[in-house]
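Descriptive analysis of the structure
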Amino acid sequence: MIKLVGLDGSVFYLNYFQILCIELIPETKVLLCNGRYYLVRDSIESVQEQIRSFLHGCVAPEGRELLIERSGDILE
């Protein structure tokens, strides 16, 4: 889940897997798979970073890193 702030200042959490697209209109519009959308104060970059962090947490549980150093090279 990612944390978003609506235009009215309300805070809510949204299931990332329900997001179809995000656009700037000039507010940030988050369109869901069911056709509903939310206008939020968060920037597109902020939403993207939250999604990245969420997905990272799904793949690499807390305390573990995705990057492994091997012979001086860093692998992703």
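Residues numbered from 1 in each chain as written. Predicted model: local features only at pLDDT ≥ 70, side-chain atom pairs only at ≥ 80, totals over all residues. Heavy atoms only, no water.

1. Some points on a nonpolar patch on the surface
A cluster of nonpolar side chains, namely Leu 7, Ile 25, Tyr 37 and Leu 39, defines an oily patch on the protein surface of about 340 Å² accessible area. Within the element layout of this structure, Leu 39 appears in strand β5 (residues 37-40). (Patch = residues over 30% accessible without salt bridge, like charges linked within 9 Å, V, L, I, M, F, W, Y side chains within 5 Å. Areas by Shrake-Rupley, 256 points an atom, 1.4 Å probe, with all protein chains shown as cover. Salt bridge = Lys/Arg side-chain N within 4 Å of Asp/Glu carboxyl O. Helix = DSSP H or I, 4+ residues; strand = E, 2+ residues; numbered from the N terminus.)

2. With respect to the pattern of salt bridges
What the rule picks out here adds up to 1 salt bridge. Glu 49 is the salt-bridge partner of Arg 52, the closest N and O atoms lying 3.0 Å from each other. One end of the pair is Arg 52 and the other is Glu 49, both in helix α1 (residues 44-59) and 3 residues apart, which spans about a single turn.

3. Quick word on the packing of aromatic side chains
Counted by the stated rule, this structure contains 4 aromatic pairs. Where Tyr 16 meets Phe 54, the ring centres are 6.0 Å apart and the plane angle is 55 degrees; that geometry is what we call tilted. Of this pair, Tyr 16 sits in the loop between β2 (11-14) and β3 (19-24) while Phe 54 sits in helix α1, and the two are 38 residues apart along the sequence. Residue class for Tyr 16 comes out partly exposed when judged on its relative accessible area of 22%. Through successive ring pairs, a cluster of aromatic residues spans Tyr 16, Phe 17 and Phe 54. When the ring centre of Tyr 37 is taken as reference, the NZ or CZ atom of Lys 29 above it lies at 4.5 Å. (Phe/Tyr/Trp six-rings, centres within 6.5 Å; stacked < 30°, edge-to-face > 60°. Buried < 20%, exposed > 50% of the residue type's maximum accessible area, 1.4 Å probe, protein only. Lys NZ or Arg CZ within 6 Å of the ring centre and 35° of its normal.)

4. Side note on the pairing of strand β4 (residues 28-32)
Among the 5 residues in β4, 4 count as buried, and that is most of the element. Here β3 hands over to β4 after 3 residues, the two strands then running antiparallel side by side. Alignment of β4 against β5, held across 4 bridges, turns out to be antiparallel. Across the sheet, Lys 29 pairs through a bridge with Leu 39, a residue of β5. (Pairing = 2+ DSSP bridges.)

5. A word on the sheet that holds β5
If you walk across this open sheet you meet the 3 strands as β3-β4-β5, and the pairing is antiparallel. At either margin of the open sheet sits one strand with a lone partner, and together these are β3 and β5. Each adjacent strand pair in this sheet contributes to an overall mean axis angle of 20 degrees, direction not counted. Here β3 pairs with β4 via 5 bridges, running antiparallel. Looking across to β4, one finds that Ile 19 is bridged to Leu 32. Strands in contact with α1 are β3 and β4; relative to β3, the strand with the most contacts, it is inclined by about 150 degrees. (Axes fitted to C-alpha atoms, helices over the stretch in contact; angles between N-to-C directions. Contact = heavy atoms within 4.5 Å.)

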